[in-house]
Every structure is written in structure tokens, then in C-alpha cells.
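Report on the structure
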Amino acid sequence: MQNPQSVSSGALRRRSLMAAGAATLLAHSLPATAQSKIVLRISSPAVPDDWHAKMWTVFKEHLDKSAPGEFDVQINLNASLFKQGAEPAAMARGNLELTTVSAADIAKIVPEFSIFTAGYVVRDPSQQQKIFNGAIGAELFRTVSEKMDISALSTCYLGTRQLNLREVRNVRTPADLKGIKLRMPGSKDWLFLGEALGATATPLAFGEVYMGLKSGTIDAQDNPLPTVKAAKFYEVTKQIVLTSHLVDGLFIAISNKAMQALSPAQRSKLQAAAQAAAAYNNENRLKEEAQLVEFFKKEGLQVSTPDLDAFHKTVQSAYQNADYAKTWPAGLLERINAVR
Ligand code: KDO
């Protein structure tokens, strides 16, 4: 009988080769769920109740149906995996596969994208979809892919940004916001917008806004109405001023490395899932946005409409007079305006 301790190294190699072969055979005969799946890690600062958070479940379910057992979609909300704005860098390092990237995040690396962070440029959600699903989007997303190594899969309407104040104030024109500490997300494009609106822009991460409003370290924040509801900012504020200063969007994006690892069939399934997720977000958000003024009034908030001409003029001239607009490619603003 052979002493197990004295097996030759050749025999050991043969045994481990046989074991590896058996494992491969087993893997091919096992149901797909037991095999290793392609992990898709998603990170978003969105709160679970917001449409651009819920849409990730639509994405996951869509993929589970079209490619059963092929993907392991991991949804991380509330900035629990990466902090807001850190997602593109995490994707570049290979630590994250998917996220929703904002125009401001893109503009940090692709300066011409900052045109979409400027107040009163995009007119409405339908124009926004046409811009990004048309020739302008195709050109800009090519540059984004080259410079950021990520691919935009679909465009989500985040909503139209409005001002939301802790205390009621008579806001007719940007001058009435003088001295107001307006929280903005923490990058230069956002801060420029806050200042252009007439306020004192203060950077703060999304996850800290509720407490900032509650404690009074900030006087106001800006976000689309569905987010004001989902993140419960209405609980700690008394007024909404309908400035409609930014028709905001987010792009579902995947790292090129993750995309390239997929088969052509998997790529098209992923693309379809991202389209379905964005469509779910867009439809529900638009519907809810149209109903929310009534909701906030019932919650006791004052909802007012300022002198929109004054806001348009002041904000637009702030951009024209700044060096800022010089980073926008010649003719891009005119091309955007021509999209109907
Ligand atoms: C925000 O921080 O106000 C903002 O609305 C900015 C967006 O670009 C996006 O990051 C969004 O937060 C988050 O998805 C949370 O809703």
C-alpha cells in the first residue's frame, strides 16, 4: 500500500491536473447560478427612495431576465461604496464597474462638458434627451470615452433644479439671495452656478445636506423636486423657490475595461438594461415632478415663483462674462439651442 506521505511530485502534479480538469467539467455541467458570475458593482449617492436609485433594480432585473445567471449586479446606494464624485476615479482604478456620472463630474476631465452645468442652457427634459441621444451626445461621449475610459450607456433626467430654503424669504431676483449660504455639490462648476444665482455657494456632500439644513450650517440647497421629497429635505425647510435653473441629467456609465470584458451579446443586453433603467427613471420622475408642488404645499412649505427673466439674464451674463464659457467649443451653444 502506498504511504500517502510519500507520493511523488509527478503523481501530485498529475492529481492536481486531474482535479483542475474535473473542476472545469463540473463548472460546465453546473447550472449557471453556481458558476462565477460577472460582478457589476454599482455606486451611487442617491437615497433608496429616489427614482435614479430604484432604476438600478430595474437594471438588475432586466439583466437577470435577458442573461440569466451571467451577472452579479451589486447595488450600493447612499454613497456607501464610494463618496459622491469619486466614482469615475474608482472606475479608472478598476474598483467599480457602473455608476451615474454627472455633467459636473465629466467636466472635471472634459472641460467642454461644463456647458451642461450652466444655468438656463438646456430648456427642458425632451430637449435634453434629444441632445444626448443625437449627434452632440455621440461626439461628446466619444471624447468622454477617450479621456475618462468610461462609456455612457443612457441618459437619465434627474429633474429641474429648484431652490429650497430653511426660512421663508421674499426672493424675486438673484439680488434677493445675497448672503444666503447655498449648499452646492463640491466642484467648481456647481459652485459657479450657486454664485451666478446670487447666493454664497458652500460645498457639501449630498449625504450631509439634511443635517446641514436642520442644524442651520447652510441656509438653502438646490435639487429637483423629486429629490427634495425622496431625501426628505422638505422636513427641514420652509420654502421652495421655482427658479428652474438647471435641467439636470445623469449618465449611466460603465468602465471601458468592464465593457471590453463582455461578449458582444452581453454588451447589447447590458445596453438594453441601461436603456430600460433610464426609461423607468425618466417616466416616473417626470410624472412625479409635475405633482409635487401640491405635495409640498400640503406639507406646509411656501412655494413661490420668482422673476424668471431676471434669473435668466443674471445667470446667463455671469457665464458669458467669465472665462468659463471660453472652454465651450465654438458653436456648441448654438447647436444646443437649435435642438428642438
Ligand atoms: C446633489 O448633490 O445635489 C446631486 O443632486 C448632484 C447630482 O449630480 C447627483 O450626484 C445627485 O446629487 C445624487 O445622485 C443624489 O441624488
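This write-up is about the structure you can find in this document.

What counts, and at which threshold
- Residues numbered from 1 in each chain as written.
- Predicted model: local features only at pLDDT ≥ 70, side-chain atom pairs only at ≥ 80, totals over all residues.
- Heavy atoms only, no water.
- Near = heavy atom within 4 Å.
- Polar contact = N/O pair within 3.5 Å; in protein donor to acceptor, adjacent residues only side chain to side chain.
- Areas by Shrake-Rupley, 256 points an atom, 1.4 Å probe, with all protein chains shown as cover.
- Nonpolar A, V, L, I, M, F, W, Y, C, P; charged D, E, K, R; others polar.
- Helix = DSSP H or I, 4+ residues; strand = E, 2+ residues; numbered from the N terminus.
- Buried < 20%, exposed > 50% of the residue type's maximum accessible area, 1.4 Å probe, protein only.
- Contact = heavy atoms within 4.5 Å.
- Salt bridge = Lys/Arg side-chain N within 4 Å of Asp/Glu carboxyl O.
- Axes fitted to C-alpha atoms, helices over the stretch in contact; angles between N-to-C directions.
- Left-handed = near helix turned anticlockwise from the far one by under 90°.
- Parallel < 35°, antiparallel > 145°, perpendicular 65-115°, else oblique.
- Core = buried A, V, L, I, M, F, W, Y, C linked by side-chain atoms within 4.5 Å.

Considerations on the site of the ligand
In the neighbourhood of the ligand, 13 residues make up the surrounding shell, with His52, Gln84, Arg161, Arg183 and Asn223 lying closest. Contact between the ligand and Gln84: an oxygen atom at 2.7 Å from a side-chain N or O atom of the residue. Within the side chain of Arg161, a nitrogen or oxygen atom sits 2.8 Å from an oxygen atom of the ligand. When the free accessible area of the ligand is taken as 370 Å², the share hidden by the protein chains comes to 97%. The residue inventory of the shell around the ligand, partitioned by class, reads 7 nonpolar, 4 polar and 2 charged.

Quick word on the environment of Asn337
Mapped onto the elements, Asn337 comes out in helix 14 (residues 332-338). The exposure class assigned to Asn337 is partly exposed, which follows from its relative accessible area of 34%. Asn337 sits 206 residues away from Ile131 along the chain, and the two C-alpha atoms are 9.6 Å apart. Aside from chain neighbours lying at most four places away, what touches Asn337 is Val121, Arg123 and Gln127.

Points about the pattern of salt bridges
Applying the stated rule across the entire model yields 10 salt bridges. The shortest N-O distance in the salt bridge between Asp248 and Arg161 comes to 2.7 Å. Of the two residues, Asp248 sits in strand 8 (residues 239-255) while Arg161 sits in strand 4 (residues 150-165), which places them 87 residues apart along the sequence. As far as burial versus exposure is concerned, Asp248 and Arg161 are alike and both buried. Taking the shortest distance from any N to any O, the salt bridge between Lys238 and Glu167 comes out at 3.1 Å. With Lys238 in the loop between helix 9 (225-230) and strand 8 and Glu167 in the loop between strand 4 and strand 5 (181-184), this pair connects stretches of sequence that are 71 residues apart.

Section: the packing of helix 2 (residues 51-66) against helix 11 (residues 264-289)
Helix 11 packs onto helix 2 with a crossing angle of 145° between their chain directions and a minimal axis gap of 8 Å. Read as a crossing pair, helix 2 and helix 11 show a hand that is right-handed. Among the residues making up the contact of helix 2 with helix 11, the classes are represented as 13 nonpolar, 5 polar and 4 charged.

Side note on the packing of helix 7 (residues 188-196) against helix 13 (residues 308-321)
For the pair helix 7 and helix 13, the least separation of the axes is 9 Å and the interaxial angle reads 135°. Regarding the angle of helix 7 to helix 13, the classification is oblique. By crossing handedness, the relation of helix 7 to helix 13 is classed as right-handed. The residues of helix 13 that touch helix 7, namely those facing Asp189, Phe192, Leu193 and Ala196, are Thr314, Val315, Ala318 and Tyr319. Considered class by class, the residues forming the contact of helix 7 with helix 13 number 6 nonpolar, 1 polar and 1 charged.

Re the nonpolar core
Counting residues in hydrophobic clusters, the biggest one holds 54 residues, and the most contacted among them are Phe113 and Phe116. When residues no more than four places from it in sequence are discounted, the contact partners of Phe113 are Ala103, Ile106, Ala107, Phe132, Leu140, Phe141, Val144 and Phe251. One finds Ile42, Val73, Leu158 and Ala273 within the second-largest nonpolar core, a separate group that totals 27 residues.

A few points about the environment of Leu286
Along the chain, Leu286 falls in helix 11. According to the relative accessible area criterion, Leu286 is partly exposed, its value standing at 39%. Each C-alpha atom, one on Leu286 and one on Tyr157, is 8.2 Å from the other, the two residues being 129 residues apart in sequence. When near neighbours in sequence (up to four residues on either side) are disregarded, Leu286 contacts Pro125 and Tyr157.

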